[in-house]
Amino acid sequence: MRTLGVNTRLKPFGATIFAEMTALAVKHGAVNLGQGAPDFDGPEWLKEAAIKAIRDGRGQYARMTGLPELTKAITTRFERTSGLSYDPERDVVVTCGATEAILDCMLGLIEPGDEVLFFEPFYDSYIASVAMAGGVPKVVTLEAPEFRISEAAVRAAITPKTRVIMVNSPHNPSGQMLSAEERSIIARVAQEFDLVVISDEVYEELWYEEPHRTLALEPGLRERTIVLGSLGKSFSFTGWKVGWAIAPANLAQAVRSAHQFASFCAATPLQVAAATALSAPDSYFEEFRAEYRARRDRMVHGLRACGFECDLPKGSYFALANHARFGFADDFAFCRHLVEHGKVAAIPPGAFYVNKAKAASLVRFAFCKKLETIDAALERLSLYRDRFERGEFAQHSEGAIGAVRA
Ligand code: PMP
Ligand code: GLN
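Residues numbered from 1 in each chain as written. Chains lettered and ligands numbered in written order. Predicted model: local features only at pLDDT ≥ 70, side-chain atom pairs only at ≥ 80, totals over all residues. Heavy atoms only, no water.

Colleague: Before we go on, may I ask you to explain the overall build of the protein chain in this structure?
Modeller: Along the protein chain, the regular secondary structure elements total 13 helices and 12 strands. Relative to its length of 406 residues, the protein chain is compact, with a C-alpha radius of gyration of 21 Å against a globular reference of 22 Å. Principal axes of the C-alpha set define a box for the protein chain whose edges measure 65 × 50 × 50 Å. Intrachain contacts of the protein chain at a sequence separation of at least 6 include 77% that bridge at least 24 residues. Approximately 16,600 Å² of the protein chain is accessible, and the part contributed by carbon and sulfur atoms is 53%. A gap of 3 Å separates the mean positions of the 46 positive and 50 negative side-chain charges of the protein chain. (Helix = DSSP H or I, 4+ residues; strand = E, 2+ residues; numbered from the N terminus. Rg over C-alpha atoms; globule rule 2.2 N^0.38 Å. Contact = heavy atoms within 4.5 Å. Areas by Shrake-Rupley, 256 points an atom, 1.4 Å probe, with all protein chains shown as cover. Lys, Arg positive; Asp, Glu negative; His and termini not counted. Charge placed at Lys NZ, Arg CZ, Asp CG, Glu CD.)

Colleague: Any chance you could explain the site of ligand 1 here in plain terms?
Modeller: Taken together, the neighbourhood of ligand 1 is formed by 13 residues, with Thr99, Asp200, Tyr203, Lys233 and Lys241 sitting nearest. Between ligand 1 and the protein, one listed contact pairs an oxygen atom with a backbone N or O atom of Ala98 at 2.8 Å. In the environment of ligand 1, a nitrogen atom lies 2.5 Å from a nitrogen or oxygen atom belonging to the side chain of Asp200. Looking at the shell around ligand 1 residue by residue, the classes come out as 5 nonpolar, 5 polar and 3 charged. (Near = heavy atom within 4 Å. Polar contact = N/O pair within 3.5 Å; in protein donor to acceptor, adjacent residues only side chain to side chain. Nonpolar A, V, L, I, M, F, W, Y, C, P; charged D, E, K, R; others polar.)

Colleague: Teacher, can you tell me more about the sheet that holds strand 6 (residues 196–200) here?
Modeller: The strands making up a sheet associate through hydrogen bonds between their backbones, and the pairing can be parallel or antiparallel. Ordered by their spatial adjacency, 7 strands build an open sheet running 2-8-7-6-5-3-4, and the pairing between neighbours is mixed. A strand with exactly one partner marks an edge of an open sheet, and here the two such strands are strand 2 (92–95) and strand 4 (136–141). Within this sheet the neighbouring strands show an average axis-to-axis angle of 20 degrees, counted without direction. (Pairing = 2+ DSSP bridges. Axes fitted to C-alpha atoms, helices over the stretch in contact; angles between N-to-C directions.)

Colleague: Can you walk me through the nonpolar core in this structure?
Modeller: Core analysis: the biggest nonpolar cluster contains 112 residues, and Phe119, Phe308 and Phe365 have the highest contact counts within it. Not counting residues within four places of it along the chain, the set of residues in contact with Phe365 comprises Leu33, Met299, Leu303, Phe308, Tyr317, Phe318, Ala319, Ala321, Leu338, Val344, Ala346 and Leu381. Core analysis: the next-biggest nonpolar cluster, separate from the first, contains 26 residues, Cys105, Val116, Phe118 and Phe122 among them. (Core = buried A, V, L, I, M, F, W, Y, C linked by side-chain atoms within 4.5 Å. Buried < 20%, exposed > 50% of the residue type's maximum accessible area, 1.4 Å probe, protein only.)

Colleague: Just checking my understanding: could you explain the state of the cysteines for this structure?
Modeller: Disulfide: a covalent bond formed between the sulfur atoms of two cysteine residues. Here the structure, examined in full by the defined rule, presents 0 disulfides. With no disulfide of its own, Cys306 lies 11 Å from the sulfur of Cys310, the closest cysteine sulfur. Note on Cys310: relative accessible area 5%, which makes it buried. (Disulfide = S-S within 2.5 Å.)

Colleague: When you look at the site of ligand 2 in this model, what are you seeing that I'm missing?
Modeller: With respect to spatial proximity, the complete set of residues near ligand 2 consists of Phe18, Gln35, Gly36, Tyr123, Asn172, Lys233, Phe318 and Arg364. In the environment of ligand 2, an oxygen atom lies 2.6 Å from a nitrogen or oxygen atom belonging to the side chain of Gln35. A distance of 2.7 Å is found between an oxygen atom of ligand 2 and a side-chain nitrogen or oxygen belonging to Arg364. Expressed as a share of its isolated accessible area of 300 Å², the protein-covered part of ligand 2 is 80%. Here the shell around ligand 2 is composed, by residue class, of 3 nonpolar, 3 polar and 2 charged.

Colleague: Looking at this structure, how should I read the environment of Ile226?
Modeller: With respect to the element layout, Ile226 can be found in strand 7 (residues 225–230). For Ile226, a relative accessible area of 0% translates into the label buried. Linking Ile226 and Leu251, residues 25 residues apart in sequence, is a C-alpha distance of 7.1 Å. In this structure Ile226 touches Cys105, Leu109, Val196, Val197, Ile198, Ser199, Ala245, Ile246, Ala247, Leu251 and Val255, once residues within four positions along its chain are discounted.

Colleague: Even after reading the chapter, I still don't get the packing of helix 1 (residues 17–28) against helix 12 (residues 331–342), so can you show me in this structure?
Modeller: When two helices pack together, their arrangement is given by the angle between the helix axes and the distance between those axes. Here helix 1 crosses helix 12 at 30 degrees, and the two axes come no closer than 9 Å. It follows that helix 1 is roughly parallel to helix 12 by the angle criterion. Facing helix 1, whose interface residues are Ile17, Met21, Leu24, Ala25 and His28, helix 12 presents Phe332, Cys335, Val339 and Glu340. Residues of the contact of helix 1 with helix 12, tallied by class, amount to 7 nonpolar, 1 polar and 1 charged. (Parallel < 35°, antiparallel > 145°, perpendicular 65-115°, else oblique.)

Colleague: What is the right way to read the confidence of the model for the protein chain from this model?
Modeller: Parts of the prediction with low pLDDT should not have their coordinates interpreted in detail. On average, residues of the protein chain score 95 in pLDDT, and 97% of them reach the 70 mark or higher. Long-range and interchain partners of residues 398–406, a stretch whose pLDDT sits below 50, account for 20 contacts in this model, where long-range means more than four residues apart. (pLDDT = per-residue confidence, 0-100.)

What follows is the structure in structure tokens.
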């Protein structure tokens, strides 16, 4: 008899951790530093652009590849930050968020049984997207707390079936960014083994010291790299779900071949507004970064004061801390206890690992939040730490494990 439910490709992934932790945050009245979604709106001028587009009657399907004014704005902005020029008509695909672009890449590029190499911790849709496309995920672990790519480990994971290598920088959840050495490892290996590179650069505008540098700039990579971007991150409207892929025409065609049947197009009025967004002056991006730098510093210094070890993230809007001093069995146990008793929601990074034990002592806090939200969370974390030190949570490690595990 057939199973009337989820198929075997998707069953192993259960429910996404973001939906789960957000539901727990609501249930326990917690300050939500879990899902990476700002608790503030993006710019007023951008909202006005979207409202105007709706009023102006931009209510029908957009061009399948993306509105002409948006694909142009995407290539213009990318050229401004990288110096690389792409053809807005042939080399860009606008998608429903980068999440759709990731899936389109897999559906459009790989044959059943092809291997896709990527690194853990990874944004959770990577592995599910590979599975949906009938591919085989090959996961290389980046070891905490440095999360550095080792050429030996990458080479050891490559087989004759490897077709794609996928990289994310600035990185969710570690906050790391690729070094020059790591960029050249990817370039060397991709060329030697003739791999397509998917470079997830959705946090491209969220860097704090060294500017982000696209992988497409590495020697030999432009012609084999698909760069992914997302409006949601850089303009604080994650719910608009406008993303894109930029790639040479043959690779863009592969992405498009899936996109045309996956969604056909992203929401037209939001694409109109996105074109306005990407044409913002440099001062917008500088101010955006300065605000995020302040949030990052407040978050990380506060976490340290509350007893967490935590490196300053170099990019993205996540702080990855170590909760070992609280003595929980693993990250899922800690996050479940914290949301219920500390009233702060965080993400157990095990959700981003195949080898979940690697994340046992880690916890991810999203700081894309108002300073007062960060302060409120820190106040609660400090009370939690005090209660822990008074021995109130002595029983905590028993029976707390795994309840939010997918
Ligand atoms: N890649 C990474 C690394 C992410 O963290 C996210 C989501 N936050 C995405 C891709 C997906 O972006 P979008 O919201 O545009 O689908
Ligand atoms: N990428 C976001 C995060 O890491 C969440 C995306 C989602 O909810 N699917 O928090």
